[in-house]
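Each chain, letter by letter, is given below.
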Amino acid sequence: MPLVTTTEMFKKAYEGGYAIGAFNVNNMEIVQGITEACREEKSPVILQVSKGARAYANHTYLVKLVEAAVAECPEIPIALHLDHGPDFETCKSCIDGGFTSVMIDASSMSFEDNIAVTKKVVEYAHDHGVVVEAELGTLAGIEDDVKVEAHAASYTRPEEVEEFVTKTGCDSLAIAIGTSHGAYKFTAAQCTRNEQGILVPPPLRFDVLEEVSKRLPGFPIVLHGSSSVPQNYVKMINENGGKMPDAVGIPEEELRHAAQLSVCKINIDSDLRLAMTGTIRAFFNEHPDKFDPREYLKPARANIKELVRHKLVNVLGCAGKA
Ligand code: G3H
Ligand code: 13P
Ligand code: ZN
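So, here is what we can say about the structure in this document. (Residues numbered from 1 in each chain as written. Chains lettered and ligands numbered in written order. Predicted model: local features only at pLDDT ≥ 70, side-chain atom pairs only at ≥ 80, totals over all residues. Heavy atoms only, no water.)

**A few points about the state of the cysteines**
Under the definition given, this model contains zero disulfides. Here Cys73 stays unpaired: no disulfide links it, and the sulfur of Cys38, its closest cysteine neighbor, is 8.0 Å away. A relative accessible area of 4% places Cys73 in the buried class. (Disulfide = S-S within 2.5 Å. Buried < 20%, exposed > 50% of the residue type's maximum accessible area, 1.4 Å probe, protein only.)

**A short note on the site of ligand 2**
Near ligand 2, the surroundings consist of 16 residues, among which Asp83, Lys185, Ser227, Asp269 and Ser270 are the closest. Here Lys185 contributes a side-chain N or O atom positioned 2.5 Å from an oxygen atom of ligand 2. Gly225 places a polar main-chain atom, nitrogen or oxygen, 2.8 Å from an oxygen atom of ligand 2. Against a free-state accessible area of 310 Å², the protein chains account for coverage of 96% of ligand 2. Mapped by element, the contributors of at least two residues to the shell around ligand 2 are β3 (78–85) and β12 (263–268). (Near = heavy atom within 4 Å. Polar contact = N/O pair within 3.5 Å; in protein donor to acceptor, adjacent residues only side chain to side chain. Areas by Shrake-Rupley, 256 points an atom, 1.4 Å probe, with all protein chains shown as cover. Helix = DSSP H or I, 4+ residues; strand = E, 2+ residues; numbered from the N terminus.)

**Section: the sheet that holds β3**
Spatially, β1-β2-β3-β4-β5-β8-β11-β12 is the arrangement adopted by the eight strands of the closed barrel, whose pairing is parallel. The mean angle between the axes of side-by-side strands here comes to 25 degrees, regardless of whether they run parallel or antiparallel. Sheet topology places strand β1 (residues 20–24) next to β12; four bridges connect them, and they run parallel. Looking at the pairing, Phe23 lines up with Ile268 of β12. Of the strands in this sheet, β1, β2 (45–50), β3, β5 (131–136), β8 (172–175) and β12 are in contact with helix α1 (residues 7–16), which crosses β12 at around 115 degrees. Contacting β4 (101–104) and β5, helix α6 (residues 111–127) runs over the sheet at an angle of about 170 degrees to β5. (Pairing = 2+ DSSP bridges. Axes fitted to C-alpha atoms, helices over the stretch in contact; angles between N-to-C directions. Contact = heavy atoms within 4.5 Å.)

**Examining the packing of helix α10 (residues 252–260) against helix α12 (residues 293–316)**
Close contact between α10 and α12 brings their axes to 9 Å; oriented N to C, the two are set at 65 degrees. The segment α10 lies against α12, with Glu252, Leu255, Arg256 and Ala259 engaging His310, Lys311, Asn314, Val315 and Leu316. Residue composition of the contact of α10 with α12, by class: four nonpolar, two polar and three charged. (Nonpolar A, V, L, I, M, F, W, Y, C, P; charged D, E, K, R; others polar.)

**Concerning the pairing of β4**
What you see with β4 is no split at all: Ser101 and Met103 on one side and Val102 and Ile104 on the other are buried throughout. Two strands pair when backbone bridges link them, and β3 and β4 are joined in this way by three bridges, in the parallel orientation. In the strand pairing of β4, His81 is matched with Ser101. Viewed along the sheet, the connection from β3 through helix α5 (residues 88–96) into β4 turns out right-handed. Note that β4 and β5 share four bridges and pair parallel. In the strand pairing of β5, Val102 is matched with Val132. In terms of handedness, the path from β4 via α6 over to β5 forms a crossover that is right-handed. (Right-handed = clockwise from strand over helix to strand, strands pointing away.)

**Let's talk about α1**
Within α1 the residues assigned to the buried category are Met9, Phe10 and Ala13. Angular distribution of buried residues about the axis of α1 spans 90 degrees; they occupy a single face of the element. Taken from the residues just after α1, Gly17 is the one with a positive phi, measuring 70 degrees. (Arc of directions from axis to C-beta.)

**Observations concerning the side chain of Thr100**
Here Thr100 shows up in the loop between α5 and β4. Not counting chain neighbours up to four residues away, the residues in contact with Thr100 comprise Leu3, Val4, Thr5, Ala79, Leu80, Val130 and Val131.

**With respect to the coordination of the zinc ion (ligand 3)**
The zinc ion (ligand 3) binds to the protein through His84 (NE2), His181 (NE2) and His224 (ND1), with metal-donor distances spanning 2.0 to 2.1 Å. All donors of the zinc ion (ligand 3) belong to a single chain; written as a sequence motif, their spacing is H-x96-H-x42-H. Pair noted here: His84 is in strand β3 and His224 is in the loop between β11 (221–223) and α9 (231–239), with a separation of 140 residues, a long-range link. Neither His84 nor His224 differs from the other in exposure class; each is buried. (Donors = N, O, S within 2.8 Å, 3.2 Å for Na, K, Ca; no water.)

**Quick look at the side chain of Thr90**
For Thr90, the position within the fold is in helix α5. Taking relative accessible area as the criterion, Thr90 reaches 13% and is therefore assigned buried. Reaching out from Thr90, the side chain makes a polar contact with the side chain of Asp87 at a distance of 2.6 Å.

**Section: the packing of α6 against helix α7 (residues 161–168)**
At a minimum axis distance of 8 Å, the contact between α6 and α7 shows a crossing angle of 35 degrees. Crossing of α6 against α7: the hand is right-handed. Contact residues: α6 offers Phe111, Asn114, Ile115, Thr118, Lys119 and Val122, while α7 offers Glu163, Phe164, Lys167 and Thr168. Considered class by class, the residues forming the contact of α6 with α7 number four nonpolar, three polar and three charged. (Left-handed = near helix turned anticlockwise from the far one by under 90°.)

**Focus on the packing of aromatic side chains**
The final tally for this structure, using the stated rule, is five aromatic pairs. Plain terms: the ring middles of Phe111 and Phe164 are 6.2 Å apart, the flat faces sit at 45 degrees to each other, and that makes the pair tilted. Here Phe111 is found in helix α6, whereas its partner Phe164 is found in helix α7, with 53 residues between them in sequence. For the pair Phe111 and Phe164, a shared accessibility class is recorded, and that class is buried. Taking 6.4 Å as the distance between ring centres and 50 degrees as the angle between the ring planes, the aromatic pair formed by Phe283 and Tyr296 counts as tilted. Highlighted residues: Phe283 in helix α11 (residues 270–286) and Tyr296 in helix α12, separated in sequence by 13 residues. Clustering of aromatic rings is evident, with ring pairs tying together Phe283, Phe284 and Tyr296. Over the ring of Phe88 we find Lys120, and its NZ or CZ is 4.4 Å from the ring centre. (Phe/Tyr/Trp six-rings, centres within 6.5 Å; stacked < 30°, edge-to-face > 60°. Lys NZ or Arg CZ within 6 Å of the ring centre and 35° of its normal.)

Structure, rendered in C-alpha coordinates:
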(Lines give C-alpha, C1' and ligand atoms only; values in the text may rest on other atoms or scores of the structure.)
(Ligands and ions follow the chains in the order given, each with its own letter.)
Protein backbone atom coordinates (compact mmCIF):
# COMPACT_ATOMS: atom_id res chain seq x y z
CA MET A 1 0.00 0.00 0.00
CA PRO A 2 1.16 3.62 -0.49
CA LEU A 3 2.18 5.89 2.40
CA VAL A 4 -0.84 6.52 4.64
CA THR A 5 -1.90 9.26 7.04
CA THR A 6 -2.27 8.44 10.73
CA THR A 7 -6.08 8.84 10.79
CA GLU A 8 -7.01 5.16 10.45
CA MET A 9 -4.04 4.03 12.57
CA PHE A 10 -5.05 6.27 15.46
CA LYS A 11 -8.73 5.34 15.30
CA LYS A 12 -7.88 1.64 15.58
CA ALA A 13 -5.21 2.27 18.23
CA TYR A 14 -7.62 4.30 20.37
CA GLU A 15 -10.32 1.66 20.16
CA GLY A 16 -7.87 -1.21 20.60
CA GLY A 17 -5.99 0.19 23.62
CA TYR A 18 -2.55 0.27 22.00
CA ALA A 19 -0.21 2.90 20.54
CA ILE A 20 1.67 3.31 17.28
CA GLY A 21 5.44 3.67 17.53
CA ALA A 22 6.88 6.81 15.97
CA PHE A 23 10.57 6.23 15.35
CA ASN A 24 13.01 8.87 14.11
CA VAL A 25 14.94 8.06 10.96
CA ASN A 26 18.23 9.57 9.86
CA ASN A 27 19.83 7.01 7.56
CA MET A 28 19.23 3.78 5.65
CA GLU A 29 20.19 1.36 8.43
CA ILE A 30 17.74 2.96 10.87
CA VAL A 31 14.91 2.86 8.30
CA GLN A 32 15.68 -0.80 7.56
CA GLY A 33 16.00 -1.87 11.20
CA ILE A 34 12.65 -0.31 12.12
CA THR A 35 10.65 -1.45 9.12
CA GLU A 36 12.02 -5.00 9.07
CA ALA A 37 10.82 -5.42 12.67
CA CYS A 38 7.42 -3.88 11.83
CA ARG A 39 7.04 -6.10 8.79
CA GLU A 40 7.83 -9.27 10.73
CA GLU A 41 5.54 -8.24 13.59
CA LYS A 42 2.77 -7.08 11.22
CA SER A 43 2.72 -3.68 12.84
CA PRO A 44 1.69 -0.25 11.54
CA VAL A 45 4.42 2.37 12.01
CA ILE A 46 5.19 6.08 11.82
CA LEU A 47 8.61 7.01 10.46
CA GLN A 48 9.46 10.53 11.53
CA VAL A 49 11.98 13.05 10.33
CA SER A 50 13.17 16.03 12.36
CA LYS A 51 14.51 19.35 11.14
CA GLY A 52 17.95 18.05 12.15
CA ALA A 53 17.46 14.85 10.13
CA ARG A 54 16.54 16.90 7.05
CA ALA A 55 19.65 19.04 7.57
CA TYR A 56 21.82 15.92 8.00
CA ALA A 57 20.51 13.55 5.33
CA ASN A 58 18.58 15.85 2.96
CA HIS A 59 14.79 15.78 2.50
CA THR A 60 14.88 13.87 -0.79
CA TYR A 61 17.16 11.10 0.47
CA LEU A 62 14.93 10.52 3.49
CA VAL A 63 11.71 10.49 1.45
CA LYS A 64 13.26 8.05 -1.04
CA LEU A 65 14.50 5.78 1.78
CA VAL A 66 11.01 5.72 3.26
CA GLU A 67 9.51 5.06 -0.17
CA ALA A 68 11.92 2.12 -0.51
CA ALA A 69 10.66 0.77 2.83
CA VAL A 70 7.06 1.15 1.62
CA ALA A 71 7.93 -0.87 -1.50
CA GLU A 72 9.67 -3.55 0.60
CA CYS A 73 6.85 -3.76 3.15
CA PRO A 74 3.67 -3.44 1.07
CA GLU A 75 1.49 -5.18 3.66
CA ILE A 76 2.00 -2.75 6.57
CA PRO A 77 0.70 0.84 6.90
CA ILE A 78 3.57 3.36 7.07
CA ALA A 79 3.13 7.10 7.68
CA LEU A 80 5.86 9.68 7.03
CA HIS A 81 5.75 12.43 9.62
CA LEU A 82 7.62 15.68 10.28
CA ASP A 83 8.80 15.70 13.90
CA HIS A 84 8.82 19.09 15.71
CA GLY A 85 8.12 21.29 12.70
CA PRO A 86 9.36 24.67 13.91
CA ASP A 87 7.32 26.91 11.58
CA PHE A 88 4.75 27.07 8.76
CA GLU A 89 7.41 27.07 6.02
CA THR A 90 9.03 23.80 7.19
CA CYS A 91 5.60 22.14 7.47
CA LYS A 92 4.64 23.39 3.99
CA SER A 93 7.89 22.09 2.52
CA CYS A 94 7.20 18.61 3.97
CA ILE A 95 3.52 18.66 2.92
CA ASP A 96 4.56 19.64 -0.62
CA GLY A 97 7.40 17.10 -0.49
CA GLY A 98 5.50 13.87 0.14
CA PHE A 99 4.95 13.65 3.92
CA THR A 100 1.54 12.38 5.05
CA SER A 101 1.67 13.96 8.51
CA VAL A 102 3.37 16.97 10.08
CA MET A 103 3.86 18.27 13.58
CA ILE A 104 3.79 22.00 14.16
CA ASP A 105 5.51 22.58 17.47
CA ALA A 106 4.61 26.07 18.60
CA SER A 107 4.48 24.97 22.23
CA SER A 108 7.06 27.57 23.27
CA MET A 109 4.80 30.39 22.02
CA SER A 110 1.90 32.00 23.87
CA PHE A 111 -1.40 30.07 23.82
CA GLU A 112 -2.83 32.53 21.26
CA ASP A 113 0.21 32.40 18.95
CA ASN A 114 0.34 28.60 19.21
CA ILE A 115 -3.31 28.51 18.08
CA ALA A 116 -2.69 30.96 15.21
CA VAL A 117 0.31 29.15 13.69
CA THR A 118 -1.18 25.68 14.25
CA LYS A 119 -4.44 26.74 12.56
CA LYS A 120 -2.50 28.05 9.55
CA VAL A 121 -0.62 24.74 9.20
CA VAL A 122 -3.84 22.72 9.64
CA GLU A 123 -5.61 24.66 6.87
CA TYR A 124 -2.76 24.10 4.41
CA ALA A 125 -2.24 20.46 5.45
CA HIS A 126 -5.92 19.48 5.26
CA ASP A 127 -6.22 21.10 1.83
CA HIS A 128 -3.47 18.67 0.75
CA GLY A 129 -4.73 15.51 2.51
CA VAL A 130 -2.12 15.70 5.27
CA VAL A 131 -2.79 15.45 9.02
CA VAL A 132 -1.36 17.63 11.79
CA GLU A 133 -0.02 16.98 15.29
CA ALA A 134 0.21 20.01 17.58
CA GLU A 135 1.64 20.46 21.10
CA LEU A 136 0.48 22.08 24.32
CA GLY A 137 2.79 22.18 27.33
CA THR A 138 6.60 22.04 27.36
CA LEU A 139 8.78 18.97 27.73
CA ALA A 140 12.22 19.15 29.32
CA GLY A 141 15.31 18.02 27.42
CA ILE A 142 16.85 18.62 24.01
CA GLU A 143 14.90 18.68 20.73
CA ASP A 144 16.77 19.84 17.64
CA ASP A 145 18.69 22.95 18.72
CA VAL A 146 16.39 23.84 21.63
CA LYS A 147 17.33 22.78 25.18
CA VAL A 148 14.64 23.15 27.85
CA GLU A 149 15.90 22.90 31.43
CA ALA A 150 13.81 20.78 33.82
CA HIS A 151 12.66 23.84 35.80
CA ALA A 152 11.40 25.54 32.61
CA ALA A 153 9.26 22.56 31.54
CA SER A 154 5.52 22.82 32.20
CA TYR A 155 2.75 20.25 32.24
CA THR A 156 -0.11 20.63 29.80
CA ARG A 157 -3.04 22.51 31.35
CA PRO A 158 -6.12 20.31 30.75
CA GLU A 159 -8.43 23.33 30.91
CA GLU A 160 -6.84 24.62 27.67
CA VAL A 161 -7.12 21.55 25.45
CA GLU A 162 -10.74 21.81 24.22
CA GLU A 163 -10.36 25.41 23.11
CA PHE A 164 -7.01 24.60 21.46
CA VAL A 165 -8.27 21.60 19.51
CA THR A 166 -11.53 23.28 18.49
CA LYS A 167 -9.86 26.49 17.33
CA THR A 168 -6.94 24.83 15.48
CA GLY A 169 -8.62 21.74 14.01
CA CYS A 170 -5.47 19.68 14.71
CA ASP A 171 -5.73 15.90 14.33
CA SER A 172 -3.69 14.83 17.37
CA LEU A 173 -2.19 16.55 20.39
CA ALA A 174 1.18 16.07 22.07
CA ILE A 175 0.98 16.76 25.78
CA ALA A 176 3.51 17.18 28.59
CA ILE A 177 2.96 14.78 31.50
CA GLY A 178 6.57 14.40 32.66
CA THR A 179 8.34 12.73 29.72
CA SER A 180 11.47 14.42 28.46
CA HIS A 181 13.69 14.39 25.37
CA GLY A 182 17.14 12.78 25.16
CA ALA A 183 19.04 10.18 27.17
CA TYR A 184 19.33 12.33 30.32
CA LYS A 185 15.70 12.89 31.08
CA PHE A 186 15.92 13.68 34.76
CA THR A 187 18.47 15.15 37.12
CA ALA A 188 19.64 12.97 40.00
CA ALA A 189 17.82 15.36 42.33
CA GLN A 190 14.48 14.55 40.65
CA CYS A 191 15.00 10.77 41.06
CA THR A 192 15.45 8.14 43.73
CA ARG A 193 17.97 5.26 43.40
CA ASN A 194 17.11 1.56 43.42
CA GLU A 195 19.23 -1.21 45.01
CA GLN A 196 21.43 -1.41 41.88
CA GLY A 197 22.15 2.31 42.11
CA ILE A 198 20.09 3.04 38.98
CA LEU A 199 18.11 6.26 39.02
CA VAL A 200 14.32 5.82 39.25
CA PRO A 201 12.48 8.75 37.66
CA PRO A 202 9.45 10.51 39.10
CA PRO A 203 6.17 8.93 37.90
CA LEU A 204 4.35 10.35 34.89
CA ARG A 205 1.34 12.57 35.62
CA PHE A 206 -1.44 10.16 34.65
CA ASP A 207 -3.89 12.49 36.37
CA VAL A 208 -3.14 15.14 33.71
CA LEU A 209 -3.53 12.57 30.91
CA GLU A 210 -6.86 11.38 32.30
CA GLU A 211 -8.18 14.93 32.67
CA VAL A 212 -7.15 15.73 29.08
CA SER A 213 -8.83 12.54 27.79
CA LYS A 214 -12.04 13.33 29.67
CA ARG A 215 -12.19 16.68 27.91
CA LEU A 216 -11.28 15.24 24.49
CA PRO A 217 -13.08 11.89 24.28
CA GLY A 218 -11.86 9.75 21.37
CA PHE A 219 -9.10 12.21 20.47
CA PRO A 220 -5.57 10.82 19.88
CA ILE A 221 -2.91 11.94 22.35
CA VAL A 222 0.82 11.83 21.62
CA LEU A 223 3.75 11.32 23.98
CA HIS A 224 7.16 12.68 23.04
CA GLY A 225 10.37 11.99 24.92
CA SER A 226 9.37 8.39 25.54
CA SER A 227 12.62 6.49 25.25
CA SER A 228 13.28 4.14 28.14
CA VAL A 229 17.07 4.42 27.87
CA PRO A 230 17.79 0.66 28.08
CA GLN A 231 20.44 0.12 30.72
CA ASN A 232 22.04 -2.76 28.77
CA TYR A 233 22.98 -0.28 26.02
CA VAL A 234 24.09 2.42 28.47
CA LYS A 235 26.34 -0.25 30.05
CA MET A 236 27.60 -1.37 26.62
CA ILE A 237 28.51 2.22 25.79
CA ASN A 238 30.22 2.81 29.14
CA GLU A 239 32.14 -0.48 28.97
CA ASN A 240 33.44 0.33 25.53
CA GLY A 241 34.96 3.75 25.96
CA GLY A 242 31.80 5.85 26.33
CA LYS A 243 30.82 8.06 29.23
CA MET A 244 27.09 8.31 29.90
CA PRO A 245 26.64 8.41 33.66
CA ASP A 246 23.09 8.58 35.01
CA ALA A 247 21.36 8.27 31.64
CA VAL A 248 17.80 7.34 32.56
CA GLY A 249 14.48 7.04 30.70
CA ILE A 250 10.75 6.44 31.06
CA PRO A 251 9.85 3.04 32.57
CA GLU A 252 8.28 0.81 29.93
CA GLU A 253 5.36 -0.20 32.21
CA GLU A 254 4.29 3.45 32.33
CA LEU A 255 4.35 3.68 28.52
CA ARG A 256 2.37 0.45 28.25
CA HIS A 257 -0.23 1.90 30.59
CA ALA A 258 -0.39 5.17 28.60
CA ALA A 259 -0.87 3.15 25.38
CA GLN A 260 -3.91 1.46 26.91
CA LEU A 261 -5.44 4.88 27.59
CA SER A 262 -5.82 7.68 25.00
CA VAL A 263 -2.16 7.77 23.92
CA CYS A 264 -2.08 6.64 20.28
CA LYS A 265 1.48 7.68 19.29
CA ILE A 266 4.65 7.20 21.30
CA ASN A 267 7.88 8.84 20.08
CA ILE A 268 11.13 6.91 20.40
CA ASP A 269 14.46 8.16 19.12
CA SER A 270 17.14 8.10 21.83
CA ASP A 271 16.75 4.34 22.41
CA LEU A 272 17.62 3.70 18.75
CA ARG A 273 20.68 5.94 19.05
CA LEU A 274 21.85 4.10 22.17
CA ALA A 275 21.44 0.70 20.49
CA MET A 276 23.35 1.84 17.44
CA THR A 277 26.16 3.57 19.33
CA GLY A 278 26.56 0.79 21.92
CA THR A 279 26.75 -1.86 19.22
CA ILE A 280 29.30 0.06 17.15
CA ARG A 281 31.46 0.88 20.20
CA ALA A 282 31.48 -2.79 21.26
CA PHE A 283 32.27 -3.88 17.70
CA PHE A 284 35.32 -1.63 17.47
CA ASN A 285 36.56 -2.69 20.90
CA GLU A 286 36.39 -6.33 19.81
CA HIS A 287 37.71 -5.73 16.28
CA PRO A 288 40.17 -2.84 16.33
CA ASP A 289 41.47 -3.91 12.91
CA LYS A 290 38.12 -3.64 11.07
CA PHE A 291 37.27 -0.63 8.95
CA ASP A 292 34.45 -1.67 6.57
CA PRO A 293 31.31 0.31 7.57
CA ARG A 294 29.10 -2.58 6.46
CA GLU A 295 30.68 -4.78 9.12
CA TYR A 296 29.81 -2.50 12.02
CA LEU A 297 26.54 -1.13 10.64
CA LYS A 298 25.15 -4.64 10.14
CA PRO A 299 25.04 -5.58 13.86
CA ALA A 300 23.90 -2.03 14.70
CA ARG A 301 20.95 -2.41 12.31
CA ALA A 302 20.17 -5.86 13.73
CA ASN A 303 20.07 -4.49 17.28
CA ILE A 304 17.81 -1.60 16.24
CA LYS A 305 15.49 -4.19 14.71
CA GLU A 306 15.37 -6.25 17.92
CA LEU A 307 14.84 -3.16 20.04
CA VAL A 308 11.94 -2.05 17.83
CA ARG A 309 10.46 -5.57 17.92
CA HIS A 310 10.56 -5.44 21.72
CA LYS A 311 8.78 -2.07 21.73
CA LEU A 312 6.06 -3.26 19.31
CA VAL A 313 5.34 -6.44 21.23
CA ASN A 314 5.91 -5.49 24.87
CA VAL A 315 5.44 -1.73 25.13
CA LEU A 316 3.23 -0.34 22.37
CA GLY A 317 1.00 -3.39 21.91
CA CYS A 318 0.72 -2.78 18.14
CA ALA A 319 2.22 -6.08 16.91
CA GLY A 320 -0.28 -7.91 14.71
CA LYS A 321 -2.39 -4.78 14.16
CA ALA A 322 -1.36 -4.06 10.55
O1 G3H B 1 12.75 15.26 19.75
C2 G3H B 1 13.68 15.26 18.98
C3 G3H B 1 14.10 14.02 18.27
O4 G3H B 1 14.74 13.13 19.13
C5 G3H B 1 14.92 14.38 17.08
O6 G3H B 1 16.19 14.72 17.44
O7 G3H B 1 16.59 16.93 16.42
O8 G3H B 1 18.51 15.45 17.05
O9 G3H B 1 17.04 14.88 15.09
P10 G3H B 1 17.15 15.55 16.44
P1 13P C 1 13.35 10.45 23.07
O2 13P C 1 14.51 11.40 23.13
O3 13P C 1 12.87 10.08 24.42
O4 13P C 1 13.63 9.27 22.22
O5 13P C 1 12.13 11.26 22.37
C6 13P C 1 12.01 11.34 20.98
C7 13P C 1 11.00 12.32 20.57
O8 13P C 1 10.15 12.78 21.30
C9 13P C 1 11.03 12.74 19.15
O10 13P C 1 10.12 13.75 18.90
ZN1 ZN D 1 9.76 15.05 20.51
